[in-house]
Amino acid sequence: MTARPLPESESVDLFTATEEPPQRLPQSPSSSAASQLSPAFPRRAPWGTASNLRAWQAEALALYHERSPRDFLAVATPGAGKTTFALRVATELLESGVVRRVTVVAPTEHLKHQWADAAARVGIRIDPSFKNSQGRHGSHYDGVALTYAQVAAKPALHRARTEAARTLVILDEVHHAGDALSWGEAVRDAFEGATRRLALTGTPFRSDTAPIPFVTYEPDPDGVRRSKADYTYGYGDALRDHVVRPVLFMTYSGQMRWRTRAGDEVSARLGEAMTKDMHAQAWRTALDPNGEWIPSVLAAADKRLAEMRRAVPDAGGLVIASDQSDARAYAGHLARLTGESPTVVLSDDDGASARIDEFAAGTQRWMVAVRMVSEGVDVPRLAVGVYATSTSTPLFFAQAVGRFVRARKRGETASVFLPSVPLLLELANGMEIERDHALDRPQTAEEQGIDYDPEAALLEAANREEKASGELEGSFQALEAQASFDRVLFDGGEFGTGADVGSAEELDFLGLPGLLEADQVTTLLRQRQAEHLRGRGGATSGEAALERSEAEHRRAAELRKELSKLVSAWARKSGRPHGSVHTELRRRCGGPEVPLATAEQLQARVEMVRGWFVGKR
């Protein structure tokens, strides 16, 4: 194939005056680079489809061509193939002459190189090593890959590059453009003049109100402006299409003991009903490398990984740690446990990106990282994860779990080990909930003219101040952390009745086959639970208990979803934080936090919120 000629109407710019037009990679006369695009880079074709695009990618592409928009936001769950979709768009726009250059903006250096590798496979040459000091990219490249930080450092440079030639800008994980006010302003300034902008994200929601550049916001029924995607493909859709793996959440509880800043010793069971601060302290105690909880959970996760590797020989595991000190300590536990030193990835190490690539291409059992692989990094063989971090935002949780859902062949499952912390259990149970970024905060009760309780507001403020002062003193000390198997969460159901670490009951769940369809997972989980119940109470009573348990789980899952919607609606109406509403419901109706509450307790809370809407206090 010869070089693509420039249209006669296109003027020579400050870069083309010293550059040759970029050469396209050679290809056969019968097909274009676009038609040769991998079904789901890399090597993750959908099952039972004749097209070289997954159904959602083809649908989104058709919508894109129908609208020919300057801005397009595609929201697709991690592992669904956002890169494939974006590169198909880029290839077709380059071939048609709509654009002459491509600029990819990604959150990390590692992702820049990942994008360049993916683009090269479809005939687009992207320079991932471009530096701001260069001013221009080489003549043999079609474009560059940048980080958001790189754009923020010199927005004027990238504005000039963008305006010099017709450019497609691909904003990968675009929610990062709102990480700082200066970043958002820089991205907007740099790419305001782009011919086309394609924004991608798997998790568009943020907890702040910093606007994301080039994203459309529309008011919801309550007047809160929320992000509006042009195309959405959620985890539930992808799971039904066998595009991503089903995820089993293995949860672990246990007895914790710690010393508070006041010098008092406190003992509590992880996951039981307690205050928010005590939950945080028990969670922190569980993650202490010197306790017994972490070694026990790592050992259980390695047993699960061993079972996975019987069917998937290169299956790997990932431990996500809170900080570098913990990461190194966890790596030491794994080395002693397995006799193999895990790959350790620390974000400030020069060789971090290379170690991720080496692990992705190898067969090592474990990798331990802090935040380096929480988003976007493509290691398809990851099948077992340990969530050993105290980070609890929905955004980070979704990104972390997204590392394990990337399917390679039909039947692969993923297992993520969690501490039995109510907030994490709620996030795990809400995997399929789609969230948008809210640009506005709901009005306060005072602003809406609703009854306002000044004493409650003062108490809430005092609690915040007390918590902040406690964090500043920093004299917390973990004393003891024991682990016990709690339950398995899958597809809205909960399986298992609690067991000791190393017990036959725990091993039954850890030993589930590595290759299973989603419906087979549910069937086996029910069988395991039925066997445990029969063993404890006889065949007849066990089967009856199983039926009651399954009905309870289904009812509780439905009530959790209904309660979540009602609380969200009441929080918007009243101006009160969600957590404050849930706290009042627990105070009035009793019971633990939402993920641990029984169906009866959830039903009572649902009825109470309904009563609030009709004026029954």
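Thresholds applied
- For every chain, the first residue of the written sequence is number 1, and numbering continues from 1 onward in sequence order.
- For this predicted model, a pLDDT threshold of at least 70 governs which residues receive local features, and a threshold of 80 or more governs which side-chain atom pairs are given and counted, while totals over whole chains, interfaces and linings are taken from all residues.
- For side-chain calculations, the full set of non-hydrogen atoms in the structure is used, while hydrogens and water are omitted.
- The way it works is that DSSP assigns letters per residue, a run of H or I at least four long becomes a helix, a run of E at least two long becomes a strand, and they are numbered from the N terminus.
- Each residue's exposure class comes from its accessible area (1.4 Å probe, protein chains only) as a fraction of the maximum for that residue type: buried when under 20%, exposed when over 50%, partly exposed otherwise.
- Contacts: residue pairs with any heavy atoms within 4.5 Å of one another.
- Every accessible area reported is derived by Shrake-Rupley at a probe size of 1.4 Å, with residue values counting cover from the shown protein chains alone.
- A residue's pLDDT is simply how confident the predictor is in it, with values from 0 to 100.
- Two strands form a pair only when DSSP identifies at least two bridges running between them.
- Lines fitted to C-alpha atoms define the axes, with helix axes restricted to the stretch in contact, and inter-axis angles between N-to-C directions lie between 0 and 180 degrees.
- Working rule for angles: under 35 degrees goes down as roughly parallel, over 145 as roughly antiparallel, 65 to 115 as roughly perpendicular, anything else as oblique.
- Crossings are assigned a handedness: left-handed for a near helix turned anticlockwise from the far helix by less than a right angle, right-handed for a clockwise turn.
- Each residue receives one of three labels: charged for Asp, Glu, Lys and Arg, nonpolar for Ala, Val, Leu, Ile, Met, Phe, Trp, Tyr, Cys and Pro, and polar for the others, Gly being one of them.

(A) A look at the overall build of the protein chain. Across its full length, the protein chain holds 19 helices and 21 strands. The buried share of the protein chain, reckoned over its 617 residues, is 53%. Partitioning the intrachain contacts of the protein chain with sequence separation of at least 6 by distance along the chain shows that 74% fall at a separation of at least 24. Total accessible area computed for the protein chain in this model is approximately 26,400 Å², and 50% of it derives from carbon and sulfur atoms.

(B) Region of the structure containing the confidence of the model for the protein chain. Averaged over every residue, the pLDDT of the protein chain is 78; the share at 70 or more is 75%. Mean pLDDT per element in the protein chain: helix 14 (residues 454–473) is the minimum at 40, and strand 5 (residues 167–171) is the maximum at 97. Confidence drops under pLDDT 50 across residues 1–51; counting only partners more than four residues distant or on other chains, this segment forms 104 contacts. The low-confidence segment residues 538–542 (pLDDT under 50) makes 5 contacts with residues lying over four places distant or belonging to another chain.

(C) Region of the structure containing the sheet that holds strand 6 (residues 196–201). Across the sheet, which stays open at both edges, the 7 strands sit in the order 3-4-2-5-6-1-9 with parallel pairing between neighbours. Because the sheet does not close on itself, it has two edges, and the strands there are strand 3 (126–127) and strand 9 (231–233). Inspection of the sheet shows strand 1 (residues 71–76) paired to strand 6 by 5 bridges, in the parallel sense. Among the inter-strand pairings, Ala74 is bridged to a residue of strand 6, identified as Leu200. Here helix 1 (residues 55–67) sits on the sheet and contacts strand 1, strand 6 and strand 9; the angle it forms with strand 9, its principal contact strand, is near 175°. Contacts between helix 2 (residues 82–96) and the sheet are confined to strand 1, strand 2 (101–106), strand 5 and strand 6, with strand 6 contributing the most and set at about 170° to the helix.

(D) Layout of the packing of helix 9 (residues 293–311) against helix 10 (residues 324–338). Running from amino to carboxyl end, helix 9 crosses helix 10 at an angle of 50°, the nearest separation of the two axes being 10 Å. Taken together, helix 9 and helix 10 sit at an angle that is classed as oblique. Remark: the crossing between helix 9 and helix 10 carries right-handed chirality. Here Ile294, Pro295, Leu298, Ala299 and Asp302 of helix 9 lie close against helix 10, whose contacting residues are Tyr330, His333, Leu334, Leu337 and Thr338. Its residues assigned to classes, the contact of helix 9 with helix 10 comprises 7 nonpolar, 2 polar and 1 charged.

(E) Highlighting unusual backbone geometry. Phi is positive for Ser68, close to 45°, though the residue is something other than glycine. Of note, Ser68 is situated in the loop between helix 1 and strand 1. With a phi close to 60°, His242 is a non-glycine residue in the positive phi region. Along the chain, the position of His242 falls in the loop between helix 7 (235–240) and strand 10 (247–253).

(F) Spatial organisation of the pairing of strand 5. Taken across its 5 residues, strand 5 has 5 buried, putting it largely inside the fold. Residues Thr167, Val169 and Leu171 of strand 5 are buried on one face, and the alternating residues Leu168 and Ile170, pointing to the opposite face, are buried as well. Where strand 2 meets strand 5, 5 bridges bridge the pair, whose relative direction is parallel. Paired with Val105 across the two strands is Leu171, which belongs to strand 5.

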